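# Summary of the model geometry
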Amino acid sequence: MAKKIVIKMTMPNAKSRARAMALAAKASGVGSIGITGDLKDRLEVVGEGVDITCLVHCLRKKVCCHAEILQVEEVKDKKPEKKEEKKEEPKPCPCPGPCRCAAVGYCHAPMLLCEDPAPAAICRVM
């Protein structure tokens, strides 16, 4: 199971952040790393089988003078949520008169041409 480890460090400049990230990337089992926090003082490491104590010890020795573990938690895989698909209701058939479309399951609507725009006009089917 992958774990997310957050380590608070004293990183005063960009060079020390880059060194901390490079050192954490070399550790075995690390999947991803990142700098977080408002002051960019937290190193977030995600991976499987990461030796946390060894990583913190190396960071203290080679990058800065102070590093402490803030949080260790298991990373849960996010499963995509199934969205309920709305099924379209069948539309009424535009065919004039009795229709056999409902029995078949689909409707072939014929093209209707009206020669007279009057409401009581009789339309013929092409």
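Predicted model, so just to flag it, every value in this text is computed and none were measured. (Residues numbered from 1 in each chain as written. Predicted model: local features only at pLDDT ≥ 70, side-chain atom pairs only at ≥ 80, totals over all residues. Heavy atoms only, no water.)

## Things to note about the overall build of the protein
- In terms of helices and strands, the protein carries three helices and six strands.
- Across the protein, helices and strands are ordered from the amino to the carboxyl terminus as β-α-β-β-α-β-α-β-β.
- Partitioning the intrachain contacts of the protein with sequence separation of at least 6 by distance along the chain shows that 53% fall at a separation of at least 24. (Helix = DSSP H or I, 4+ residues; strand = E, 2+ residues; numbered from the N terminus. Contact = heavy atoms within 4.5 Å.)

## Focus: the pairing of strand β2 (residues 30-36)
- When β2 meets strand β3 (residues 42-47), the two strands line up antiparallel, connected through six bridges. Residue T36 lies in a different strand from β3, and its bridge partner there is R42.
- Between β2 and β3, which pair antiparallel and follow one another directly, the connecting turn spans five residues, one of which, G37, has a positive phi of 95 degrees. (Pairing = 2+ DSSP bridges.)

## Topic: the confidence of the model for the protein
- Mean pLDDT for the protein: 78, with 62% of residues reaching 70 or above.
- The low-confidence segment residues 111-116 (pLDDT under 50) makes eleven contacts with residues lying over four places distant or belonging to another chain. (pLDDT = per-residue confidence, 0-100.)

## Considering the sheet that holds β3
- The strand order across the open sheet formed by four strands is β2-β3-β1-β4, and the pairing between neighbours is antiparallel. Strands with a single pairing partner mark the edges of an open sheet, and in this sheet they are β2 and β4 (67-74). Within the sheet, the average angular offset between the axes of one strand and its neighbour, ignoring direction, is 20 degrees.
- Most of the contacts of helix α1 (residues 14-26) go to β2, to which it runs at about 165 degrees, and overall it touches β1 (3-9), β2 and β3.
- Each of β1, β3 and β4 is contacted by helix α2 (residues 52-62), which is oriented at about 150 degrees to β4, the strand it contacts most. (Axes fitted to C-alpha atoms, helices over the stretch in contact; angles between N-to-C directions.)

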